[in-house]
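Per-entry structural report
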Amino acid sequence: MKTNQLILLLFSSLFLLSNCKKEQIGTDFLHKEWKVKSVTNGSKYLVPSGKMFREEAYILKFVNDSIFNMNTSVNYGGGEYQIISEGNIIINSGEWTMVGNTNEFQRNFDEQLLLLFNGAMTYSYTKNKLIFRGEQNREVVFERRK
């Protein structure tokens, strides 16, 4: 009887430990694709829903050890990054095309995203979430793309 209880306790513990959202270290996040969930700059802005002109809008892909792609709602975008130490990164982002967007909410979100996802930032991540934080409580949150 005690053996069964011990085995049950062991399996329960393993299950709980495997489901914890522990922050990971290193740069494994560079090998995954991430979708923007929100940006915060005093106020929190959620990703616009609905039809996007640009395929794969708001998807962050690290191309190599210094270049990333991240399209906005109507423009191709991306930039350069440099990891300066564990948990610290410098990002230079922008749009490569200049298509005008008539959807005001999407346009405002794109502007906030480009403003906030730029400069010296810290990063942290778990299995399914990647967060970049800058000065003055700036924050960009990504979810792992499946």
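Residues numbered from 1 in each chain as written. Predicted model: local features only at pLDDT ≥ 70, side-chain atom pairs only at ≥ 80, totals over all residues. Heavy atoms only, no water.

1. A closer look at the pairing of strand 9 (residues 139–144)
With six bridges joining them, strand 1 (residues 33–41) and strand 9 adopt antiparallel strand pairing. Counterpart to T40 in the pairing with strand 9 is E139. By the bridge criterion, five bridges tie strand 8 (residues 129–133) to strand 9 in an arrangement that is antiparallel. Paired with I131 across the strands is V141, a residue of strand 9. (Pairing = 2+ DSSP bridges. Helix = DSSP H or I, 4+ residues; strand = E, 2+ residues; numbered from the N terminus.)

2. Regarding the pairing of strand 6 (residues 88–95)
Relative to strand 6, strand 5 (residues 77–85) runs antiparallel, the two being bridged by eight bridges. Pairing of G78 across the sheet is with G94, part of strand 6. Where strand 5 folds back on strand 6, the antiparallel hairpin that results is connected by two residues, among which G87 adopts a positive phi of roughly 85°. As defined by bridge partners, strand 6 adjoins strand 7 (residues 119–125) across four bridges and the pair is classed as antiparallel. Bridge assignment links N88 to a residue of strand 7, and that residue is T122.

3. Some details on helix 2 (residues 104–116)
Under the 1.5 Å per step criterion, the end-to-end length of helix 2 is 18 Å for 13 residues, consistent within 8% with the ideal 18 Å. Among all positions of helix 2, only Q106, F109, D110, Q112, L113, L114 and L116 are buried. Where the residues of helix 2 are buried, they touch strand 1, strand 2 (43–46), strand 4 (67–70), strand 6, strand 7 and strand 9. (Expected span 1.5 Å × (residues − 1). Buried < 20%, exposed > 50% of the residue type's maximum accessible area, 1.4 Å probe, protein only. Contact = heavy atoms within 4.5 Å.)

4. A word on the packing of aromatic side chains
The full count for this structure, using the stated rule, is twelve aromatic pairs. When the ring of F62 is compared with that of Y81, the centres are 5.1 Å apart and the planes differ by 80°; the resulting orientation is edge-to-face. Placement of F62 in strand 3 (residues 59–62) and of Y81 in strand 5 is noted, with a sequence separation of 19 residues between them. On the basis of relative accessibility, which here comes to 12%, the residue F62 falls in the buried class. Linked through ring pairs, F29, F62, F68, Y81, F117, Y123, Y125, F132 and F142 together constitute an aromatic cluster. (Phe/Tyr/Trp six-rings, centres within 6.5 Å; stacked < 30°, edge-to-face > 60°.)

5. Brief notes about the nonpolar core
Of all hydrophobic cores here, the largest spans 26 residues; its most connected members are L60, F117, F132 and F142. Within the residue set of this core, elements represented by two or more residues are strand 1, strand 3, strand 4, strand 6, helix 2, strand 7, strand 8 and strand 9. Residue contacts for F117: discarding those within four places in its chain leaves L60, F68, M70, I91, S93, F132, V140 and F142. (Core = buried A, V, L, I, M, F, W, Y, C linked by side-chain atoms within 4.5 Å.)

6. With respect to the confidence of the model for the protein chain
In low-pLDDT segments, the atomic positions of the prediction should not be examined closely. Of all residues in the protein chain, 79% have pLDDT values of 70 or greater, and the mean over the chain is 82. Throughout residues 4–21 the model reports pLDDT below 50, and contacts reaching past four residues in sequence, or to other chains, amount to one contact. (pLDDT = per-residue confidence, 0-100.)

7. Observations regarding the environment of L113
Mapping L113 onto the fold places it in helix 2. By relative accessible area, L113 is classed as buried at 0%. Taking the C-alpha atoms as reference, L113 lies 8.9 Å from T40; in sequence the two are 73 residues apart. Among all residues touching L113, those that are not within four sequence positions of it are V36, V39, Y58, M70 and V140.

8. Things to note about unusual backbone geometry
One non-glycine residue, Y58, lies in the positive phi region at around 65°. Topologically, Y58 is positioned in the loop between strand 2 and strand 3. Owing to a relative accessible area of 0%, Y58 belongs among the buried residues under this scheme. Phi is positive for Q136, which is not a glycine, with a value near 55°.

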